[in-house]
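Descriptive analysis of the structure
The chain contents come next:
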Amino acid sequence: MSRFGRILIPLGHVARSNFAGVQARWASTSSIGPEPTNVAQADMNVSIFPALWGKLDNYMYLIVDEATKEAAIVDPVEPDKIVAAVKKEGIKLTTVLTTHHHWDHSGGNEQLTKMVSGLTVCGGDDRVGALTKQVGHGDEFKVGALNVKCLHTPCHTTGHICYYVTGQDGQDPAVFTGDTLFIAGCGRFFEGTPDNMCKAMEILGSLPHNTKVYCGHEYTVNNLKYAEKVEPDSQAIQQKLAWAQSQRDKNLPTVPSTIAEEFTFNPFMRVKESSVQKHAGTTDPIATMGFIRNEKDNFKLGGR
């Protein structure tokens, strides 16, 4: 056994051919998630859609360029919901932004491409379903007038991509982080190391601090409870936890946060802070990352 934890087989490795059956079984027993929520940004509108609720608590994101009404969808694991929304709003869906190949993120791609013709399906490796455009670190393209920049953040999977999206003039940025960065947490190291995740956090941490963070799952309350274990005297963590619990009590999402906020309460972005290193019993940031991820893996249930 590694000092950083067990080798785990993620649910994302369920065969694509079995996706429809798994999705149907889970959908039949899932609890009701939050209603879709809209976040208006300078040149775009982001609609937050819950998916696989009560099981994996995923989020899908419909990003609409307000100037052209062209749109992209992030991780459309429940494509029926997205197609209905696109028709209702009268927008043109052109692009699928897949963060990684796990079935709860890419498993709806093939069905969606059958429902909507001409889609460009982006992803970081050839394990992504229905892939038409393999992207790498620093690749840039547009959705309507919006700018999209790809950030390669290998660790949860080797092909994981985060998508940094800005308006025409670079204003009001957003980043869609899949299972790399969660609010107050990070993804499990299924295909990477503590060093990989440190580098991923540095990439995301270098974005403008007002960048809104849209992550792949609703794990915030559990993540903050672990963060409180790491830094029990942190007012930032206590205040965010109280707010997050209130949001969930009202069946509302806790996304988005911002990069600036994450630096105040996310232990995985604070591995250079003495308070986090003290908890880990080391002054090395990489060893700190490994320690807290291993500890988080065994902290109650939830979180990936």
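My aim in this report is to walk through the structure given alongside it, one point at a time. Computed from a predicted structure; not experimentally measured.

1. A look at the sheet that holds strand E2 (residues 44-51)
On the basis of which strands lie adjacent, the open sheet formed by seven strands has the order E1-E2-E3-E4-E5-E6-E7 and mixed pairing. Two strands in the sheet have a free side with no partner beyond their single neighbour: strand E1 (37-40) and strand E7 (133-134). Where strand E3 (residues 58-65) and strand E4 (residues 70-74) come together, four bridges link them in antiparallel fashion. Opposite isoleucine 63, over in E4, you have alanine 72 as the bridge partner.

2. Describing the pairing of strand E5 (residues 92-97)
In terms of residue burial, E5 counts as a mostly covered element, since five of its six residues are buried. Alignment of E4 against E5, held across five bridges, turns out to be parallel. In the sheet register, isoleucine 73 faces E5, and the bridge partner there is valine 96. Note that the unit made of E4, helix H2 (residues 79-89) and E5 has a crossover that is right-handed. As judged from the three bridges shared by E5 and strand E6 (residues 120-123), these two strands associate in the parallel manner. Within the sheet, the bridge partner assigned to leucine 97 lies in E6 and is cysteine 122.

3. Observations concerning helix H7 (residues 235-249)
With 15 residues, H7 should cover 21 Å at 1.5 Å per step; its first-to-last C-alpha distance of 21 Å lies within 8% of that length. Residues Ile237, Lys240, Leu241, Ala244 and Gln247 constitute the buried set of H7. Along the axis of H7, the buried positions cluster into a sector of 125 degrees, meaning they face one direction only. Exposed and oriented more than 90 degrees from the buried face of H7 are Gln235, Gln239 and Asp249. Contact partners of the buried residues in H7: helix H6 (220-230) and helix H8 (259-265). By the N-cap criterion, in which a side-chain oxygen at the helix start approaches the backbone nitrogen of a residue two or three places on, H7 is capped by serine 234, the distance to alanine 236 being 3.4 Å. Asparagine 251, located one to two residues past H7, shows a positive phi value of around 60 degrees.

4. As for the environment of glycine 187
Its place among the elements puts glycine 187 in the loop between strand E13 (185-186) and helix H5 (194-205). With relative accessibility at 0%, the residue glycine 187 sits in the buried group. Put simply, glycine 187 and histidine 156 are 31 residues apart on the chain and 5.7 Å apart in space, counted from C-alpha to C-alpha.

5. Remarks on unusual backbone geometry
The omega torsion of the bond from valine 255 to proline 256 falls at 0 degrees, within 30 degrees of zero and hence cis. In this fold, proline 256 is placed in the loop between H7 and strand E15 (257-258). With phi around 50 degrees, aspartate 57 is a residue other than glycine that occupies positive phi space. Topologically, aspartate 57 is positioned in the loop between E2 and E3. A relative accessible area of 19% means that aspartate 57 is categorised as buried. Within the chain, alanine 184 stands out as a residue other than glycine whose phi angle is a positive 65 degrees. With respect to the element layout, alanine 184 can be found in the loop between strand E12 (181-182) and E13.

What counts, and at which threshold
Starting from 1, residues in each chain are numbered consecutively following that chain's sequence as written. With pLDDT at 70 or above as the cut-off, local features in this predicted model cover only qualifying residues; side-chain atom pairs require 80 or more to be listed or tallied, and sums for whole chains, interfaces and linings still use all residues. Hydrogens and water molecules were not included; the side-chain quantities draw on all heavy atoms of the structure. Here, a strand pair is defined by DSSP locating no fewer than two bridges between the strands. Only runs of H or I of at least four residues qualify as helices and only runs of E of at least two qualify as strands under DSSP, and these elements are numbered from the N terminus. We call a residue buried when its accessible area falls under 20% of the maximum for its residue type, exposed when it is over 50%, and partly exposed in between, using a 1.4 Å probe and counting protein chains only. Throughout, right-handed denotes a crossover for which the path from the first strand over the helix to the second runs clockwise when the strands point away from the viewer. Expected helix span is taken as 1.5 Å per residue step, with the number of steps being one fewer than the number of residues. Directions are taken from the helix axis to each C-beta atom, and the arc is the one they span. The contact criterion used throughout is that any non-hydrogen atoms of two residues lie within 4.5 Å. Residues adjacent in sequence count toward polar contacts only when both atoms are side-chain atoms; beyond that, a polar contact is any pair of N or O atoms within 3.5 Å, and within protein one must be able to donate a hydrogen and the other to accept it.

Nothing here speaks to function; it is geometry throughout.
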